[in-house]
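What the coordinates show
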Amino acid sequence: MRRGAIVVLSLLVALASAHAISVEPATDPRLDPAPCLAAVATSDDEKIMAACGALIDNDKTAKPDRLKALIARAGVFERRNEIDRAIGDLDTVLQLAPQLADSFNARGELWRKKGERPKALQDFAAALKLDPAHAAARANFRSLALELERQGALMAVINKPSFNCAAARRAAEKAICASPELANLDREIDAANRRVVERAAITDARAAHVLRREQENYLAQRNAAFGRTGFDLVKTMRERLDHLLALERQ
């Protein structure tokens, strides 16, 4: 069974356990939820859209049946990557039944997929407030919180080089500090160099020493050549970064 179908079924089970769904047969055959549920059970997206859509669109549909239909259709929209429409259906679900932790978690996953991280975090937190034991919401909240923390750390160093510009004395270093492009290049070079040296040091101390000397020579040559006719600092730095990234791939 596809993941989307599993999520939808789990939401429907949560609704039933919360006594939000009536299991009594519908008295009006036009509003019978059985075809919608049958379509969900067989993961038939076309039938879900037709049968569940009919329940959603009918003003006579009972609230519990409308919830089932909305959750099912949201799953189809997600599988079709129509994220905004899936979120719209879950918005309606949560307006009708704001006690559903599973639906908050599901909507949070959609917000995250769309790149709306703060909204996703808010929904995961809402799910946990309703159900502190909600394992999926807890895992989602923790992973997203760490992601946002790392993003904040990245924003703190963006457009800054690997060294302290306040202590820069060499002309090449001052040029790097004055250019966001060069500053980011320098930081990437430093990070890539540390990765290859640390990896080499695990198995071959001599190879790690050679790599350190190579970086020292690059810096010395860069500083000495800067300002000379024909010297291209951007090209030199890009070539160094490409070389280090190639070493990483080996």
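Refer to the preceding data block for the structure.
Now for a description of the structure that goes with this document.

Of note, the phi angle at serine 43 is positive, near 55 degrees, even though the residue is not glycine. Position of serine 43 relative to the elements: it lies in the loop between helix 2 (34–41) and helix 3 (45–57). On the basis of relative accessibility, which here comes to 17%, the residue serine 43 falls in the buried class.

Turning next to the packing of helix 4 (residues 63–79) against helix 5 (residues 83–96). In the contact formed by helix 4 and helix 5, the axes pass within 8 Å of each other and the chain directions differ by 160 degrees. It follows that helix 4 is roughly antiparallel to helix 5 by the angle criterion. Crossing angle aside, the handedness with which helix 4 passes helix 5 is left-handed. Note on element contacts: helix 5 touches helix 4 through Arg85, Ala86, Asp89, Leu90, Thr92, Val93 and Leu96, opposite Lys63, Arg66, Leu67, Leu70, Ile71, Arg73, Ala74, Phe77 and Glu78. Within the contact of helix 4 with helix 5, the residues separate by chemical class into 9 nonpolar, 1 polar and 6 charged.

On to the state of the cysteines. What we call a disulfide is simply a covalent bond connecting the sulfur atoms of a pair of cysteines. Inspection of the entire model under this criterion finds 2 disulfides. Two residues share a disulfide in this structure: cysteine 36 and cysteine 52, whose sulfurs sit 1.9 Å from each other. Negative torsions about the S-S bond denote left-handed disulfides, and the value of about 95 degrees found for cysteine 36 with cysteine 52 makes this one right-handed. Placement of the pair is cysteine 36 in helix 2 and cysteine 52 in helix 3, with a sequence separation of 16 residues. Cysteine 52 matches cysteine 36 in its accessibility class, with the two residues each being buried. The partner cysteine of cysteine 165 in its disulfide is cysteine 177, sulfur to sulfur 2.1 Å. Of note, the bridge from cysteine 165 to cysteine 177 carries an S-S torsion of about -100 degrees and is left-handed in sense. Taken together, the residues span a long stretch of sequence, with cysteine 165 in the loop between helix 8 (135–157) and helix 9 (171–178) and cysteine 177 in helix 9 at a distance of 12 residues. Judged by its relative accessible area of 25%, cysteine 177 falls in the partly exposed class.

Conventions used here
- Residues numbered from 1 in each chain as written.
- Predicted model: local features only at pLDDT ≥ 70, side-chain atom pairs only at ≥ 80, totals over all residues.
- Heavy atoms only, no water.
- Helix = DSSP H or I, 4+ residues; strand = E, 2+ residues; numbered from the N terminus.
- Buried < 20%, exposed > 50% of the residue type's maximum accessible area, 1.4 Å probe, protein only.
- Axes fitted to C-alpha atoms, helices over the stretch in contact; angles between N-to-C directions.
- Parallel < 35°, antiparallel > 145°, perpendicular 65-115°, else oblique.
- Left-handed = near helix turned anticlockwise from the far one by under 90°.
- Contact = heavy atoms within 4.5 Å.
- Nonpolar A, V, L, I, M, F, W, Y, C, P; charged D, E, K, R; others polar.
- Disulfide = S-S within 2.5 Å.

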